[in-house]
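# Architecture at a glance
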Amino acid sequence: MTQTYTRSLDRFRTLYRSDRHVWRLVLMIGIWMLFMAITRFNKFYTLINFQTMAAQFPEFGLMSLGVMLCMITGGIDLSVVGIANLTSILMAFLLLNLTSAGGALPGYAIGLVIVLAMLLGAGFGFFNGLLVSKFHIPPILATMGSGELFTGICLAMTNGNAISKFSRSYAQTINNRIFDLIPVQLVIFIVMAVFIWFLISKTVFGTKIYMLGTSETVAKFSGLRTDRLLIETYVISGICAALGGMIMLANYNSARADYGSVYTLQCVLIVVLGGVNPIGGKGRISGVVLAIILLRLLETGLNRFPTISSYYISLIWGGVLILVMVLNYFTENKKPLKKRLVRFPSTK
C-alpha cells in the first residue's frame, strides 16, 4: 500500500514538473469552481451562464493567441485592441453600406466582411512586423505606437461615437448557437486555437519561432530568415486580433474606438499566466487556453457578488500578473544554492 502511494506521488510529481503551469492552472480552476459551488451554486452553475461565458471570452481569447505567438519569439503585440477596433469599425461602415432599406443584408455580406477583416488584420500585422524586423524597433515600443496609431485613426473616423444602425443579421448569425447549445463565437475560437496549436507543434514554423525566441543570434547563424519569420508571426497575430474585433462587433452590435480597452492587460496576463516566457522561447497553447478559461470564470464569479465592484477587476488582474511573475521567478529562474556555487581550480 505504501509503495503504491509512493509511486503515485512520484508520477504526479513527474507530471507536475513536466508542465507546472498547466497543473497550477488546473488546480486554480478546481479551487475556484469548488468555491463557487459552495457560495453561489444556483447563480453560477446554470447552462445559460456557461453559454454566456463561452460567447464572451473568444473576444480577448483570440487576441491572446496572437500575443502568445509574438511572445514566444521574444517580442510582444500590444496593438491587438487597436487592430480589433479599427477592423470592426471599417467592417461596420461596410455593413452600413450593404444594409438595405428594409434592414436586410445580401447573402454574401457576412462571409465578405469576415474575409476582409482577416485581410485587414493581416495587413496591420504586416505593418507591425516591418517595424520590428526591418526597422529594428523594440516590439513593445513598435506595437504600443502602432496600437495608439490605430486607435487614433478610429477616433478620427468616428469622432469617438459608436457605429451602429446596420442590419442585425450579422450579430444574429455570430451570436447564434449550433444545435441551440454551442455558441458560434466559441467555434471560431476553437478553430483558430487548433490551427495555431498545429502550427507551433507540428510544423517547421513552430520550431523556428521557438528557436528565434530562445536565441536570435543562434537562429541567424542557423540560417533562419528571422525578418520573414517575425513578419509572419505578427501577421498571424493581426488576424487573431481582427477576428476578436469581429466577435466584439457581433456581441455589441456596434463598433467604437474604446471597446475592449482593458483587454491589452488581460491578454498579457493570460499569456504569462499560461506559462509563456516573457523573454521568449517557451510556452504552450494548452496553458494559454486554461488561463483564458480561468480569467473568464473568475470575472463571472466575482460578478455574482453584488458587494464587489466591477472596478476592482483591473486591480485584481494587475495583482495576479505580478504574483505570477514572482512565482515564475522562484520556480524557474531561482536555482538551488548548490548549482549556483562556482568551483575554482586549486592553486596547489
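Rules of the game
Residues numbered from 1 in each chain as written. Predicted model: local features only at pLDDT ≥ 70, side-chain atom pairs only at ≥ 80, totals over all residues. Heavy atoms only, no water. Helix = DSSP H or I, 4+ residues; strand = E, 2+ residues; numbered from the N terminus. Buried < 20%, exposed > 50% of the residue type's maximum accessible area, 1.4 Å probe, protein only. Contact = heavy atoms within 4.5 Å. Areas by Shrake-Rupley, 256 points an atom, 1.4 Å probe, with all protein chains shown as cover. Patch = residues over 30% accessible without salt bridge, like charges linked within 9 Å, V, L, I, M, F, W, Y side chains within 5 Å. Salt bridge = Lys/Arg side-chain N within 4 Å of Asp/Glu carboxyl O. Axes fitted to C-alpha atoms, helices over the stretch in contact; angles between N-to-C directions. Parallel < 35°, antiparallel > 145°, perpendicular 65-115°, else oblique. Left-handed = near helix turned anticlockwise from the far one by under 90°. Nonpolar A, V, L, I, M, F, W, Y, C, P; charged D, E, K, R; others polar. Disulfide = S-S within 2.5 Å.

With that out of the way, let us pick up the overall build of the protein. Of regular secondary structure, the protein possesses 17 helices and two strands. For the protein, the proportion of its 348 residues judged to be buried stands at 46%. Taking as baseline every contact in the protein between residues at least 6 positions apart, the subset at least 24 positions apart corresponds to 77%. As presented, the protein carries roughly 18300 Å² of accessible surface, and 66% of it is formed by carbon and sulfur atoms.

This part is about unusual backbone geometry. The backbone of D180 sits at a positive phi, close to 55 degrees, despite the residue not being glycine. Tracing the chain through its elements places D180 in the loop between strand 1 (177-178) and strand 2 (182-183). Of the residues examined, D180 reaches a relative accessible area of 66% and is grouped as exposed. Here the phi dihedral of N253 falls at roughly 55 degrees; this positive angle occurs in a residue that is not glycine. Looking at where N253 falls in the secondary structure, it is placed in the loop between helix 13 (226-252) and helix 14 (263-273). The exposure class assigned to N253 is buried, which follows from its relative accessible area of 16%.

This part is about a nonpolar patch on the surface. On the surface, L47, I178, F179, L181 and I182 cluster together into a nonpolar patch covering about 510 Å² of accessible area. Looking at the element boundaries, I182 is found in strand 2.

The subject of this paragraph is the packing of helix 6 (residues 80-98) against helix 7 (residues 109-133). For any two helices packed against each other, one specifies the inter-axial angle together with the distance between the axes. Axis separation between helix 6 and helix 7 bottoms out at 10 Å; the angle between their running directions is 150 degrees. In terms of orientation, helix 6 and helix 7 fall into the roughly antiparallel class. Where helix 6 crosses over helix 7, the two elements pack in a sense that is right-handed. Residues I83, L86, T87, L90, M91, L94, L95 and L98 of helix 6 lie in contact with helix 7, whose contacting residues are A109, L112, V113, L116, A117, L120, G121, F124 and N128. For the contact of helix 6 with helix 7, the class distribution of residues is 14 nonpolar, three polar and no charged.

Take the pattern of salt bridges next. Counting across every chain of the model gives five salt bridges. Salt-bridge contacts for D258 lead to R256; the nearest nitrogen and oxygen are separated by 3.3 Å. You can call D258 partly exposed: its relative accessible area is 43%. According to the relative accessible area criterion, R256 is partly exposed, its value standing at 32%. The partner of R296 in a salt bridge is E299, with the nearest N and O atoms 3.7 Å apart. Taken together, the residues R296 and E299, both in helix 15 (residues 285-302) and three residues apart, mark about one turn of the helix. Here R296 and E299 have matching classes, each one buried.

Considering all chains together, one arrives at zero disulfides under this definition. Here C240 stays unpaired: no disulfide links it, and the sulfur of C70, its closest cysteine neighbor, is 9.0 Å away. Residue classification places C240 among the buried residues on the basis of a relative accessible area of 0%.

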